[in-house]
Amino acid sequence: MRIMVQKFGGTSLSTVQAREHVLRHVKRELETGFNLVIVVSAMGRRGEPYATDTLLDWAAQNGNALSAREKDLLLCCGEIISATTLSSLLEHEGIPTSVLTGAQAGFVTDDNFGNARILDVRPVRVLEQLQLGRVVIVTGFQGQTEKGDFTTLGRGGSDTSATALGAALRAEMVDIYTDVNGILTADPRIVEDARPLTVVSYAEICNMAHHGAKVIHPRAVEIAMQSQIPVRVRSTFADTEGTLVTHPEGFQDVQTGIIDRYVTGIAYVSNVTQITVGVPGGTDRLQLKVFKTMAENSISVDFINVTPSGVVYTVFDSDSEKAIRVLQEIGLKPQSLSGCAKVSVIGGGINGVPGIMARIVESLTLADIQILQSADSNTTIWVLVKKEDMVQALRALHTSFELHL
Ligand code: ADP
Ligand code: MG
């Protein structure tokens, strides 16, 4: 059986016109001979009636007292509405469908409500329905604990539903449909001349996603990579092929041949606070104390630099007050700078190439942007800048690495 998974995001389902585009992609792949499994997100964005954020706001307006378990039950409604809406559209066109919730589709998760992890996918009923010749529509973003409680997978979770289902079904392809023309060299909302990439490796996009490119969830890419399922990120509103995500050997299948580039793209994470903890008398056990305290308080840390005079790292702005408080409680005197942004230059080819850091420093200096902190790995160079400099920094780096060409 040739199986294809199609995932449609919130903006791809929110209007009648958008759903007409969805219908077009469904019909085309059915004609190609695929058995289709469609994973849907909740319709629309905050403010629209059944969007996930609207449901969260609803819970907040009602006293904000829902437990995590009950909140997940509420959140599951968004995808159910979206799936049944699509079902009725397809049935109207004479396409037989079957809607399955995450639980019915076989998603087994742990009980970390709100951010559950998939433990197993047992798609027995999906296969059953496919064999009956139906298009199976699965509610993304959700699963069920072994006990039978509904769970949700966290932000961007529908991407993970799609690739996990693709892996479990050994699908030929997982197509992630969204509102942009694939994976671009930078977020097009900020860098207007960002360009779609024809093909990227799992590792490259995983890196970009981990560093803030919200176009696909990193967990989704990791699952696809483990099972070597090709993924395409493409636009619902166009007929372009989008970006193929595959292993580097798979690049040769793409018309463009072998792709050798230093830098793949640029990403950002905004709203972070830089915390500096210094100790006049040396760093004896300081690092241990600081990071143990952060961990015990479930504060996630990033961008860690350790020097003889102390430690510097970042936390999300939303965690900064708590981070400062718990550090003070153990007798330290942290300093903080909120409203920062982490800008990352990502590329498998930057490893060991001289002059990349110099080019970053040069282009930011010419743009009068102060670098607050920097770090690098094999595939990524990060710089921390003030949030008000972020947009300009992204644009300057994008141009400097000629990503618009
Ligand atoms: P969906 O609801 O379809 O899942 P998302 O909002 O999660 O859509 O993801 C698509 C958005 O990701 C785009 O509208 C774009 O603004 C943003 N984005 C951020 N970085 C990138 C990038 N490098 N390439 C493409 N899109 C990006
Ligand atoms: Mg998304």
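Residues numbered from 1 in each chain as written. Chains lettered and ligands numbered in written order. Predicted model: local features only at pLDDT ≥ 70, side-chain atom pairs only at ≥ 80, totals over all residues. Heavy atoms only, no water.

1. As for the pattern of salt bridges
The full count for this structure, using the stated rule, is 21 salt bridges. The partner of lysine 7 in a salt bridge is aspartate 159, and the shortest N-O contact between them spans 2.8 Å. Taken together, the residues span a long stretch of sequence, with lysine 7 in strand E1 (residues 3–8) and aspartate 159 in helix H5 (residues 157–168) at a distance of 152 residues. An identical accessibility class is assigned to lysine 7 and aspartate 159; each is buried. With a shortest N-O distance of 2.7 Å, aspartate 302 and lysine 342 are connected by a salt bridge. (Salt bridge = Lys/Arg side-chain N within 4 Å of Asp/Glu carboxyl O. Helix = DSSP H or I, 4+ residues; strand = E, 2+ residues; numbered from the N terminus. Buried < 20%, exposed > 50% of the residue type's maximum accessible area, 1.4 Å probe, protein only.)

2. Some points on the sheet that holds strand E15 (residues 310–316)
Judged by pairing direction, the sheet is antiparallel, and its six strands sit side by side in the order E14-E15-E13-E16-E18-E17 without closing on themselves. Taken across any chain shown, the strands that pair with only one partner, and hence form the sheet edges, are strand E14 (302–307) and strand E17 (373–376). Averaged over all neighbouring strand pairs, the angle between strand axes comes to 30 degrees, with direction disregarded. Where E14 and E15 come together, four bridges link them in antiparallel fashion. Along E15, the bridge assignment pairs valine 306 with valine 311. With respect to the sheet, helix H10 (residues 356–366) is in contact with strand E16 (335–346), E17 and strand E18 (380–386), its orientation differing from that of E18 by roughly 20 degrees. (Pairing = 2+ DSSP bridges. Axes fitted to C-alpha atoms, helices over the stretch in contact; angles between N-to-C directions. Contact = heavy atoms within 4.5 Å.)

3. Brief notes about the sheet that holds strand E11 (residues 231–235)
Spatially, the eight strands line up as an open sheet ordered E3-E6-E2-E1-E9-E11-E12-E10, and their pairing is mixed. Every interior strand has two partners, whereas the edge strands, strand E3 (97–100) and strand E10 (199–201), have only one. Recorded for the sheet is a direction-independent mean angle of 20 degrees between the axes of neighbouring strands. On top of the sheet, helix H4 (residues 124–131) reaches E1, strand E2 (35–40), E3 and strand E6 (135–139); it is set at about 135 degrees to E2, its chief contact.

4. Regarding the site of ligand 1
With respect to spatial proximity, 19 residues lie near ligand 1, and among them Thr178, Asp179, Leu184, Asp187 and Arg189 are the closest. In this structure, an oxygen atom belonging to ligand 1 sits 2.8 Å away from a side-chain N or O atom of arginine 189. When the free accessible area of ligand 1 is taken as 570 Å², the share hidden by the protein chains comes to 89%. Partitioned by chemical class, the residues of the shell around ligand 1 number nine nonpolar, four polar and six charged. (Near = heavy atom within 4 Å. Polar contact = N/O pair within 3.5 Å; in protein donor to acceptor, adjacent residues only side chain to side chain. Areas by Shrake-Rupley, 256 points an atom, 1.4 Å probe, with all protein chains shown as cover. Nonpolar A, V, L, I, M, F, W, Y, C, P; charged D, E, K, R; others polar.)

5. Regarding the UniProt feature "binding site: substrate" (unreviewed entry) in the protein
Here the UniProt-annotated "binding site: substrate" (unreviewed entry) positions come out as Thr52 and Glu79. Across 28 residues, the annotated set stays spatially compact, with a maximum C-alpha separation of 8.5 Å. One can find threonine 52 in helix H2 (residues 52–61). Residue threonine 52 is classed as buried on the basis of its relative accessible area, which comes to 18%. In contact with threonine 52, not counting residues within four places along its chain, are Ala42, Leu75, Glu79 and Phe141. Looking at the secondary structure, you find glutamate 79 in helix H3 (residues 68–92). Polar contacts involving the side chain of glutamate 79 include one to the main-chain amide nitrogen of alanine 42, which spans 2.9 Å. (UniProt positions renumbered as here; feature names shortened; annotations may be inferred.)

6. Considering the packing of aromatic side chains
Enumeration according to the criterion identifies three aromatic pairs in this entry. Summarising the aromatic geometry, the rings of phenylalanine 8 and tyrosine 177 are spaced 4.7 Å apart at their centres and angled 15 degrees between planes, so their arrangement reads as stacked. Of the two residues, phenylalanine 8 sits in strand E1 while tyrosine 177 sits in strand E9 (residues 173–178), which places them 169 residues apart along the sequence. Since its relative accessible area comes to 0%, phenylalanine 8 is described here as buried. Look at tyrosine 177 and you get buried, because its relative accessible area is 0%. Considering the side-chain rings of phenylalanine 303 and tryptophan 382, the 6.3 Å spacing of their centres and the 50 degrees angle between planes classify their relative orientation as tilted. Residue phenylalanine 303 is located in strand E14, and its partner tryptophan 382 is located in strand E18; the two are separated by 79 residues in the primary sequence. Considered together, phenylalanine 303 and tryptophan 382 belong to a single accessibility category, that of buried residues. Seen from the ring of phenylalanine 34, arginine 2 lies directly overhead, with NZ or CZ sitting 4.1 Å from the centre. (Phe/Tyr/Trp six-rings, centres within 6.5 Å; stacked < 30°, edge-to-face > 60°. Lys NZ or Arg CZ within 6 Å of the ring centre and 35° of its normal.)

7. Let's talk about the UniProt feature "domain: Aspartate/glutamate/uridylate kinase" (unreviewed entry) in the protein
If you check UniProt for "domain: Aspartate/glutamate/uridylate kinase" (unreviewed entry), the listed places come out as residues 3–235 in our numbering. Annotated as 39% helix and 21% strand, the span residues 3–235 places its first and last C-alpha atoms 20 Å apart.

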